[in-house]
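# Chain and residue survey
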Protein chains: 2
Amino acid sequence: MTNSVTNDVTSTITGQHFINGCWTGDANAFNSFNPVTNTPLDWQFANANQQEIDKAVKAAQSAFCQYRAKSPVQRADFLDAIADELQIDIAIITTAANLESGLPMARVQGETGRTCNQLRLFAATLREPLDPKFVDVANPERAPLPKADTRLSVLPIGPVAVFGASNFPLAFSTAGGDTASALAAGCPVIVKGHPAHPATSELVSRAIEKAIIRCDMPAGVFSLVQGATPNVSTMLVSHSGIKAVGFTGSLKVGRILADLCAARPVPIPFYGELGSTNPQFILSDILASNAEKLAETQVQSMIMGHGQFCTSPGVVIAIKGAALNRYIATMAETIAALPASAMLTPGIASSYQSQVDALLKSDNVELIAQGQSAEASHLTCPTAARVSAQAFLSSTQLQQEIFGPCAVIVECSDAAEMLTIATELEGQLTATIHGHEAELAQSQQLIEAVAFNVGRIIFNQMPTGVEVCHSMNHGGPYPASTDSRTTSVGSQAMKRFERPICYQNMPESLLPNDLKNDSVKIINF
Amino acid sequence: MTNSVTNDVTSTITGQHFINGCWTGDANAFNSFNPVTNTPLDWQFANANQQEIDKAVKAAQSAFCQYRAKSPVQRADFLDAIADELQIDIAIITTAANLESGLPMARVQGETGRTCNQLRLFAATLREPLDPKFVDVANPERAPLPKADTRLSVLPIGPVAVFGASNFPLAFSTAGGDTASALAAGCPVIVKGHPAHPATSELVSRAIEKAIIRCDMPAGVFSLVQGATPNVSTMLVSHSGIKAVGFTGSLKVGRILADLCAARPVPIPFYGELGSTNPQFILSDILASNAEKLAETQVQSMIMGHGQFCTSPGVVIAIKGAALNRYIATMAETIAALPASAMLTPGIASSYQSQVDALLKSDNVELIAQGQSAEASHLTCPTAARVSAQAFLSSTQLQQEIFGPCAVIVECSDAAEMLTIATELEGQLTATIHGHEAELAQSQQLIEAVAFNVGRIIFNQMPTGVEVCHSMNHGGPYPASTDSRTTSVGSQAMKRFERPICYQNMPESLLPNDLKNDSVKIINF
């Protein structure tokens, strides 16, 4: 069965870019790669050149004029159609994603479902908008000056470049959250396919292609450019026709692209979601009563996707003593039994390995446990280590994210030291506070300190598993994200690709439908 | 009367900075200046040094921890108290503003009223929030995974640096829109006083000081640093404790500061409102029927504040012919009768004069009229010139803003050329389309092209006079502003200084009051 589906993938993909409705480009630049077998796959892909980038952007600019005129319901139908087409093609898409990412089949199937749900959430939000429309009606009698009729709405900002993420080859890639939210806002999208899953990107693009045709959308509303060199990325974000960028990836690459966007003759917003250590603060009473259970939950969460979640809990902060020793003992036992696994790419594996090696060689850091020895060098082990709060606080190195299944347990002398860590945290996507309700009530200062450094503050739950809903925030103070005012998950993610416009004294007959008198609740404030 | 009030100003001001509740600094760096008499005033002011900037930022950071804990109603009371104190001190404030800016007394009085109204609008918005709260309640039964309780709110982002604008010494300065919206959001503010009205800044700061004491606010919630060198500005925006910047001023200075903010180790939002030419598109039928009236309205608008409004209409686009010639004839007659006037500063006057001289020397540009000859070199004249659409389109120079009472009439051959201008416009704060309803209905393409290049599209009204209300947008695509997603006028301006936070599974008793079950309308989407 899988072999036959793999053959279907092979017979479908061309390795080309999808630009303005056509498959184009010389597919001989780089190969897809299987990180589990540590060998290249047969599929070959193209590297976009300047002419191809120009063509994709020009098509997006042209499509923008037509796409922005589509009604919210037409855009919703388009998003729903993409979800439908993904479901129809789920067998080949998940087969490719499984082979290219090494993520288990059940995971990539679940992730495809989430990707479709995201698309449908934006569609639902377009059908039933959440935000009030502000209308201040005219008052010609007002003294000393008459009041004009003003009505506030939003416009899409223009063609958006989206960078697929290695760790979510579906939900944060070609038809993932950034693409879905930009399309929902009315913006054409050019995806720079992640070189770790180019076949998946092509197959997803083929599903989008079918939705474009089915919904009679302009051809340039979505393009895919493939590439395995940084040059493709810099050409894309530097192009004058690109009006915003969505990115999920490393701080290093994210900052380079953010700086390019800020330095353009016309600067544009750069939405980079750059990961974090997602600290787990464990209060004393719950640690005493639940040490073993908490340790098991921590290990389960930190090995999800072999630790390659943006929300993987990489730091645990608790007060040292017998209870924490029990927690650590359970953690050691649980981790020691875990097998080594492949990571998403050889580069991520070697980076993880060298970061773990450096951690374990650091002064004052003591190994708690590692998983079972790898039989091959491309497989990596879950790892936990312990360090004193003083050592942690004095080392920016120890506070950095290690992307993978690694956690550092920070042992505090007292609650004051825990508060210091919370206060001095770098910006994080999430942090969790574990505590019984009574001790939480006595930890207001800690809760406040944590809240001001994170995008999502969680109580007694693990951070992995980001709910896609209206009240989600996935972002946080820098360096968790490059724009803490926005979220990359949930319906509010659309707002990244809109900007306000005020219509003053516009004749009723010409107003956009959603601003006409019949559509708005006129409020005289 | 005025003399005695002037004496009150003199006996009140010290020329110092206001930092953490204290007046401090050596007031011997620069003098206040009267642009009408073109002579220095007696009042001397200090230039902030690095230690003083550090002190102000440290005080703001410390105040942030207390101020952010104040309830929305407490913040509203504080904003109302600032408005009250401004009204109490209006005689000395407006006397100083009139002497320093050269703006007529009636104008600075009106602007003080607007400044108070702005403060009260934010206070009212805090008392009755406009935006829905998103709450997705828990669903432990959901398969395959239970749904956590998530609730979305906002947090203030931290200490904000505000740069006063020369052209609105009250409404966009010390207690102006940026300060009011940052304080409303829960952020302490450090104002860099504009060197063109330092006495006004000090007197307004003294009113804020009284409100701080009256409302028992932390001392560092507001500081004023004076300075007449660029160094003060760069020290302030580069300080690691500053979390956002509000700025109104020139593209040149705005871009320098924006680039500094983007290049920081931790980049921060820079909200620069950088002005625009606010084009006036006049359709054929209304031009034929209303040429004289339209020309008079244009001149009235472009000479408001001697053309020193961000929204001053500096470009008029119409189709050439008899009607436009009538418009130009009326304009010529009206402008020729106007006196020369002082500008806000000698620098603005000489810049205006050299830009007008360059304009009139440009190829294909023909003078329509200038106001009466100035008796002194610091006084400048209203000016209008005409140019063909082809010449205008081929010269980026002609498309630049000339800050002051100058307008360029662009003569198009036909409607297609007018559409080309609308499409190729740089980002603008506003543009107006003048037309009878029937011809507007036939100009959908023009309306759409204009809308996508402006923050506010106006019909049959002039852009000067920005309403302070919920539905206002004052901003626009770059270079009109550095962040087209935001407004610097109206209640939505608060959002520039907030960022979202998601509370997941937080015990009901610990939730912020506005997220508790009793406060929110729980919607299960």
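Residues numbered from 1 in each chain as written. Chains lettered and ligands numbered in written order. Predicted model: local features only at pLDDT ≥ 70, side-chain atom pairs only at ≥ 80, totals over all residues. Heavy atoms only, no water.

### Here we look at the pattern of salt bridges
Residue and element names in this part refer to chain A. Counting across every chain of the model gives 40 salt bridges over all chains. A salt bridge links Asp131 to Lys495; its shortest N-O distance comes to 2.9 Å. Here Asp131, found in the loop between helix H5 (105–127) and strand E5 (135–136), pairs with Lys495, found in the loop between strand E20 (454–459) and strand E21 (498–504); they are 364 residues apart in sequence, far enough to count as distant. You can call Asp131 partly exposed: its relative accessible area is 33%. (Salt bridge = Lys/Arg side-chain N within 4 Å of Asp/Glu carboxyl O. Helix = DSSP H or I, 4+ residues; strand = E, 2+ residues; numbered from the N terminus. Buried < 20%, exposed > 50% of the residue type's maximum accessible area, 1.4 Å probe, protein only.)

### Describing the relation of the copies chain B and chain A
Superposing chain B onto chain A requires a rotation of 180° together with a translation of 0.0 Å along the rotation axis, leaving an RMSD of 0.0 Å. Classification of the inter-copy transformation places it as that of a two-fold axis. Minimal C-alpha separation from the rotation axis in chain B is found for Ala262 of chain B, amounting to 3.2 Å. Of the residues that chain B buries at the interface, 100% are likewise interface residues in chain A, meaning the two copies contact each other through the same surface. (Least-squares fit on C-alpha atoms with pLDDT ≥ 70 in both. Contact = heavy atoms within 4.5 Å.)

### What about the pairing of strand E4 (residues 39–45) of chain A?
Alignment of strand E3 (residues 30–34) of chain A against E4 of chain A, held across four bridges, turns out to be antiparallel. Within the sheet, the bridge partner assigned to Phe33 of chain A lies in E4 of chain A and is Pro40 of chain A. (Pairing = 2+ DSSP bridges.)

### Concerning empty space enclosed by the protein
Sizing a probe to match a water molecule and rolling it over the atoms shows the empty space that remains. Under the definition given, this model contains six cavities of 30 Å³ or more. Within this model, the largest cavity holds a volume of roughly 130 Å³. In terms of residue class, the lining of the largest cavity is made up of seven nonpolar, seven polar and one charged. (1 Å grid on protein atoms, 1.4 Å probe; cavity = no way out; pocket = protein on both sides within 12 Å on 5 of 7 lines; lining within 4 Å. Points joined across faces, edges and corners; volume = space filled by probe spheres on them. Nonpolar A, V, L, I, M, F, W, Y, C, P; charged D, E, K, R; others polar.)

### Points about the sheet that holds strand E18 (residues 406–412) of chain A
Sheet strands associate in pairs through backbone hydrogen bonding, adopting either a parallel or an antiparallel arrangement. Here we have 10 strands laid out as an open sheet, ordered E15(A)-E17(A)-E18(A)-E13(A)-E12(A)-E19(A)-E20(A)-E21(B)-E6(B)-E5(B), and mixed in their pairing. Edge positions in the sheet fall to strand E15 (366–370) of chain A together with strand E5 (135–136) of chain B, since each has one partner strand and no second. The sheet strands contacting helix H11 (residues 322–336) of chain A are strand E12 (280–282), strand E13 (315–319), E15, strand E17 (383–388) and E18 of chain A, and the helix crosses E18 of chain A at an angle near 165°. (Axes fitted to C-alpha atoms, helices over the stretch in contact; angles between N-to-C directions.)

### Remarks on the domain arrangement of chain A
All names here are of chain A. Taken domain by domain, chain A consists of domain 1 (2–31 + 47–274 + 483–500) and domain 2 (280–459). Summarising the inter-unit geometry, the C-alpha centres of domain 1 and domain 2 are found 33 Å apart. Taken together, the contact pairs 11 residues of domain 1 with 11 residues of domain 2. Across the contact surface, domain 1 and domain 2 share zero salt bridges. Remark: the boundary between domain 1 and domain 2 carries one residue pair in polar contact (both at pLDDT 80 or more). (Domains from an automatic or database assignment. Polar contact = N/O pair within 3.5 Å; in protein donor to acceptor, adjacent residues only side chain to side chain.)

### Some remarks on helix H10 (residues 284–302) of chain B
Residue and element names in this part refer to chain B. Between its terminal C-alpha atoms H10 stretches only 22 Å, short of the 27 Å expected from 19 residues at 1.5 Å a residue. Along its length, H10 reaches its greatest deviation from straightness, about 90°, at Asn290. If you check which residues of H10 are buried, you get Ile286, Leu287, Ala291, Leu294, Ala295, Gln298, Val299, Ser301 and Met302. (Expected span 1.5 Å × (residues − 1). Bend = angle between axes of the 7 residues up to and from the residue.)

### Quick look at the side chain of Asn453 of chain A
Mapped onto the elements, Asn453 of chain A comes out in the loop between helix H16 (444–451) and E20. Within polar-contact distance, the side chain of Asn453 of chain A engages the backbone oxygen of Ala422 of chain A at 2.9 Å.

### Observations concerning the state of the cysteines
According to the stated counting rule, one finds zero disulfides over all chains in the structure shown. Cysteine Cys187 of chain B shares no disulfide, and the gap to the nearest cysteine sulfur, in Cys65 of chain B, comes to 12 Å. Sulfur of Cys502 of chain B: no disulfide; nearest cysteine sulfur belongs to Cys469 of chain A and is 6.8 Å away. (Disulfide = S-S within 2.5 Å.)

### Brief notes about the UniProt feature "domain: Aldehyde dehydrogenase" (unreviewed entry) in chain A
Taking the numbering used here, the UniProt-annotated feature "domain: Aldehyde dehydrogenase" (unreviewed entry) corresponds to residues 26–476 of chain A. Across residues 26–476 of chain A one finds 43% helix and 19% strand; the C-alpha atoms that close the span lie 40 Å apart. (UniProt positions renumbered as here; feature names shortened; annotations may be inferred.)

### A short note on the confidence of the model for chain A
Averaged over chain A, the pLDDT score is 96; the fraction of residues at 70 or greater is 99%. We note a pTM of 0.97 for the whole complex and an ipTM of 0.97 for its interfaces. (pLDDT = per-residue confidence, 0-100.)

### What to know about the sheet that holds strand E17 (residues 383–388) of chain B
Spatially, E5(A)-E6(A)-E21(A)-E20(B)-E19(B)-E12(B)-E13(B)-E18(B)-E17(B)-E15(B) is the arrangement adopted by the 10 strands of the open sheet, whose pairing is mixed. The sheet terminates laterally at E5 of chain A together with strand E15 (366–370) of chain B, the two strands that pair on one side only. Of the pairings in the sheet, the one linking E21 of chain A to strand E20 (residues 454–459) of chain B comprises three bridges and is parallel in character. Counted as the bridge partner of Tyr503 of chain A is Ile457 of chain B from E20 of chain B. Against the sheet, H10 of chain B contacts strand E12 (280–282), strand E13 (315–319), E17, strand E18 (406–412) and strand E19 (428–434) of chain B, and its axis sits at roughly 155° relative to E12 of chain B.

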